[in-house]
Amino acid sequence: MTVPSTDKTIAVPSKQFAAARLATRRSLAVSRARAASEALAKLGVDVKVIGSLANGRFGQSSDIDFLVLECPRHLKYGIEGTVEDCLQGFRFDVIYIDDIPPHKRDRFCKEAVSAGHLR
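Residues numbered from 1 in each chain as written. Predicted model: local features only at pLDDT ≥ 70, side-chain atom pairs only at ≥ 80, totals over all residues. Heavy atoms only, no water.

K.L.:
Help me out: how do you make sense of the overall build of the protein in this one?
P.N.:
Check the secondary structure of the protein and you find four helices and five strands. Residues counted as buried form 34% of the 119 residues belonging to the protein. Counted over contacts in the protein with a minimum sequence separation of 6, partners at least 24 positions apart contribute 63%. In the structure as shown, the protein presents an accessible area of about 7,500 Å², 53% of it carried by carbon and sulfur atoms. (Helix = DSSP H or I, 4+ residues; strand = E, 2+ residues; numbered from the N terminus. Buried < 20%, exposed > 50% of the residue type's maximum accessible area, 1.4 Å probe, protein only. Contact = heavy atoms within 4.5 Å. Areas by Shrake-Rupley, 256 points an atom, 1.4 Å probe, with all protein chains shown as cover.)

K.L.:
I tried to follow the nonpolar core on my own but got confused; where do I start?
P.N.:
Considering soluble globular proteins, one finds that nonpolar side chains tend to be buried as a cluster. Grouped together as the largest cluster of nonpolar side chains are 25 residues, with contacts concentrated most on Val49, Leu53, Ile64, Phe66, Ile79 and Leu118. Secondary-structure elements contributing two or more residues to this core are α1 (14-42), β3 (46-50), α2 (52-55), β4 (64-70), α3 (80-87) and β5 (92-96). At five residues, α1 tops the list of elements feeding residues into this core. In this view, Ile79 contacts Leu40, Val45, Val68, Cys71, Val94 and Tyr96; residues no more than four positions away in its chain are not counted. Of all hydrophobic cores here, the second largest spans five residues; its members include Leu67, Ile97, Ile100 and Phe108. (Core = buried A, V, L, I, M, F, W, Y, C linked by side-chain atoms within 4.5 Å.)

K.L.:
Quick question: what am I supposed to make of the pairing of β5 here?
P.N.:
A regular strand places its side chains on the two faces of the sheet in alternate fashion. Both β4 and β5 contribute to a ladder of five bridges, which runs parallel. From the neighbouring strand, Ile64 faces β5, where its bridge partner is Phe92. For the handedness criterion, the β-α-β arrangement of β4, α3 and β5 is classed as right-handed. (Pairing = 2+ DSSP bridges. Right-handed = clockwise from strand over helix to strand, strands pointing away.)

Below you can see the structure in the form of structure tokens.
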């Protein structure tokens, strides 16, 4: 990308700009995922982060995926509002462990990361 100047054209390293923008987005996603996890823990919900944020593939269009391991029955399917408030605009998915077929649960649990351990 080039940016016109009064006396010459200045080259702006677009790859560096994109990398910086992505790093900022990822940092913000980690911070907000931690906030959501902490808010849910106060409600008695045991939640982990899975997907691209957990495995280091978080990109410009990635969402934040949560795996609910334990949840008070009266909150089931009602915690999305808390997550939405904490994520402030990030797209997200909430997956409940008991909705996953038993033969796939191990795979989900192996990739699950506590939000406090995200980097």
